[in-house]
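# Observations on the model geometry
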Amino acid sequence: MTDLILKKGKERSLLRRHPWVYDTAVQKLNGKAVSGDTVRVCSYDGRFLAWAAYSKDSTLRARCWSFNETEAINADWIREKIKQALQARQFLFSRTSAVRVIFGEADQLPGLVVDRYGDWLVTQFQAAGVEAYRDVIADELMKVPEIKGVFDRSDAATRHREGLPERVEVLRGAEPPLEIEVVEDGVRYGVDVRKGHKTGFYIDQRENRFLAQRLAREFKLRTGRGMRALNCFCYTGGFSLALLTGGAEEVISVDSSAEALAMAARNAERNGIDESRAKWVQADVFEYLRQAREAGEVFDLVILDPPKFASSHRHVERAARAYKDINLNGLRLVASGGDLLTFSCSGAMDVDLFQKVIAGAVIDSKRDAWMVARLGAGADHPLMMTCPEGEYLKGLQLTVR
Ligand code: SAH
């Protein structure tokens, strides 16, 4: 076994069980290792710290599998981690057929994402370590009851940093259909696992779609009419369909992608939603919000779920301005007593900063607003407490007057 020796002092984060070793922390490699090999990470004075997957071309030089010296990292260990991850998600399948069954670091399988859509599993191998166990992982996934095939969507940018080629192909079993239909909390969605964002669907927003559906239902009970809502950055209509099936009278959904909107319209059809209730608008949200304001539009609920504005810490400041802009203009469109659901999936922007930015938008909007809930990803995206970087999706529910 090859030892990866860290510089003096660089053992600290590993002693706190943070699972990443950066290139700058490495003193030397005692022996030989190629990308994907498991190495023994040691402190400068030779103390065992972790078993980790080595990646020679990445600034993330090693990702830890385990901090337990007595564990042997091999195919059986990988299979056991997959079983544990699947077991932990089992309870979700009574509500939905779209579940993230493996979430990288949180499941001790750093860089591996596996999403289940109906009878298909979609994989993303984003690091050399899990890539080395690709066949073991694929074979184990094929054993999951009812699974017809495993499709690999390993086209994430992180692959390049790991020196891995892009791969979009059937890994095991049958070719998935062009659109896999999933049912989540009674709502039907089509998922394009070949070209859709991430592995095809924003599984992480499940609980927040459920909240939107509940808000639409409660609004109708309270007021006797269906709400009028605006869903910005709607993609394939996740929040829109949740609202419409919850009883919203009209939902205007905005996205810049014609393809996403076409899928969204098909999703409305799947759920038997009358065309008059769902408007799909292809536009830039920044401009749309301004125009809606000028036109005097008012909505009972506004949802803002933009793409990642900050790709790294260097871009946080610029991203903060963009978040503030849409939130300021979004707040102005909320009817008195209405709600704003606002999100950020930028890992580089933490919860505190996001909340500050939204508070700034509230001040400038001259509206009064109360936070009634903090929002985040569902239980299939657990946060490993020793790896705060795993917390990327955050949101706030505000009531506005
Ligand atoms: N809310 C969605 C996910 C949003 S993903 C869901 O729950 O499924 C972000 C979306 O924003 C993408 O569909 C992308 O096409 C769109 N987008 C990115 N920049 C945009 C802009 N400036 N104006 C409108 N849409 C934009």
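Just so it is clear, the model here is predicted, and its values are computed rather than measured.

## Looking at the side chain of Thr-342
If you trace the backbone, Thr-342 turns up in strand S18 (residues 334-344). Its relative accessible area of 0% is what places Thr-342 among the buried residues. A polar contact of 2.6 Å, which involves the side chain of Thr-342, links it to the side chain of Asn-327.

## Quick look at the sheet that holds strand S4 (residues 38-42)
Taking strand neighbours across the sheet as the criterion, the six strands line up as S2-S6-S5-S4-S1-S3 in an open arrangement whose pairing is mixed. Since the sheet does not close on itself, it has two edges, and those belong to strand S2 (20-22) and strand S3 (26-30), each with one partner. Within this sheet the neighbouring strands show an average axis-to-axis angle of 35°, counted without direction.

## Some remarks on helix H7 (residues 238-246)
Within H7, eight of the nine residues are buried, leaving the element largely enclosed by the surrounding structure. Within H7, burial applies to Gly-238, Phe-239, Ser-240, Leu-241, Ala-242, Leu-243, Leu-244 and Gly-246. Following H7 by one or two positions, Gly-247 adopts a phi angle in the positive range, close to 115°.

## Observations regarding the sheet that holds strand S10 (residues 149-154)
The five strands lie next to each other as S7-S8-S9-S10-S11, forming an open sheet whose pairing is mixed. Among the strands making up the open sheet, the edge pair consists of strand S7 (98-103) and strand S11 (167-173). Averaged over all adjacent pairs, the angle separating strand axes in this sheet is 20°, with direction ignored. Summarising the sheet, S10 and S11 pair through six bridges and their orientation is antiparallel. Each bridged residue has a counterpart across the sheet, and for Arg-153 the counterpart in S11 is Val-168.

## Quick word on the state of the cysteines
By the definition in use, this model includes zero disulfides. Of the cysteine sulfurs around Cys-64, a residue in no disulfide, the closest is that of Cys-387, at 9.9 Å. Here Cys-64 falls in the buried class, since its relative accessible area comes to 5%. Here Cys-345 is not disulfide-linked; the sulfur of Cys-232 is the nearest cysteine sulfur, at 15 Å. We classify Cys-345 as buried; its relative accessible area is 18%.

## Considerations on the confidence of the model for the protein
Looking at the protein, pLDDT values average 97 and 100% of them are 70 or higher. Averaged over each element, pLDDT in the protein is lowest for helix H5 (residues 158-161) (86) and highest for strand S14 (residues 228-232) (99).

## Things to note about the nonpolar core
Ranked by size, the top nonpolar core spans 39 residues in total, and within it Tyr-117, Met-227, Leu-243, Leu-301, Ile-303 and Leu-341 carry the most contacts. Put simply, the parts of the chain that give this core at least two residues each are S7, strand S9 (120-125), strand S12 (180-184), strand S13 (187-191), helix H6 (206-223), H7, strand S17 (299-304) and S18. Excluding residues within four positions of it along the chain, Leu-341 makes contact with Leu-211, Ala-212, Leu-215, Leu-301, Val-302, Ile-303, Leu-304, Leu-375, Leu-396 and Gln-397. Phe-233, Leu-289, Ala-322 and Phe-354 belong to the second-largest nonpolar core, a separate cluster that totals 35 residues.

## Overview of the packing of aromatic side chains
All chains considered together, the criterion is met by 11 aromatic pairs. On the basis of an interplanar angle of 90° and a centroid distance of 5.2 Å, the ring pair of Tyr-202 and Tyr-235 is categorised as edge-to-face. With Tyr-202 in the loop between S13 and H6 and Tyr-235 in the loop between S14 and H7, this residue pair connects regions lying 33 residues apart in the sequence. Overall, the relative accessible area of 25% leaves Tyr-202 in the partly exposed class. Across the ring face of Phe-125, the terminal group of Arg-134 is positioned such that the distance to the ring centre comes to 5.7 Å.

Quick notes on the rules
Residues numbered from 1 in each chain as written. Predicted model: local features only at pLDDT ≥ 70, side-chain atom pairs only at ≥ 80, totals over all residues. Heavy atoms only, no water. Helix = DSSP H or I, 4+ residues; strand = E, 2+ residues; numbered from the N terminus. Buried < 20%, exposed > 50% of the residue type's maximum accessible area, 1.4 Å probe, protein only. Polar contact = N/O pair within 3.5 Å; in protein donor to acceptor, adjacent residues only side chain to side chain. Pairing = 2+ DSSP bridges. Axes fitted to C-alpha atoms, helices over the stretch in contact; angles between N-to-C directions. Disulfide = S-S within 2.5 Å. pLDDT = per-residue confidence, 0-100. Core = buried A, V, L, I, M, F, W, Y, C linked by side-chain atoms within 4.5 Å. Contact = heavy atoms within 4.5 Å. Phe/Tyr/Trp six-rings, centres within 6.5 Å; stacked < 30°, edge-to-face > 60°. Lys NZ or Arg CZ within 6 Å of the ring centre and 35° of its normal.

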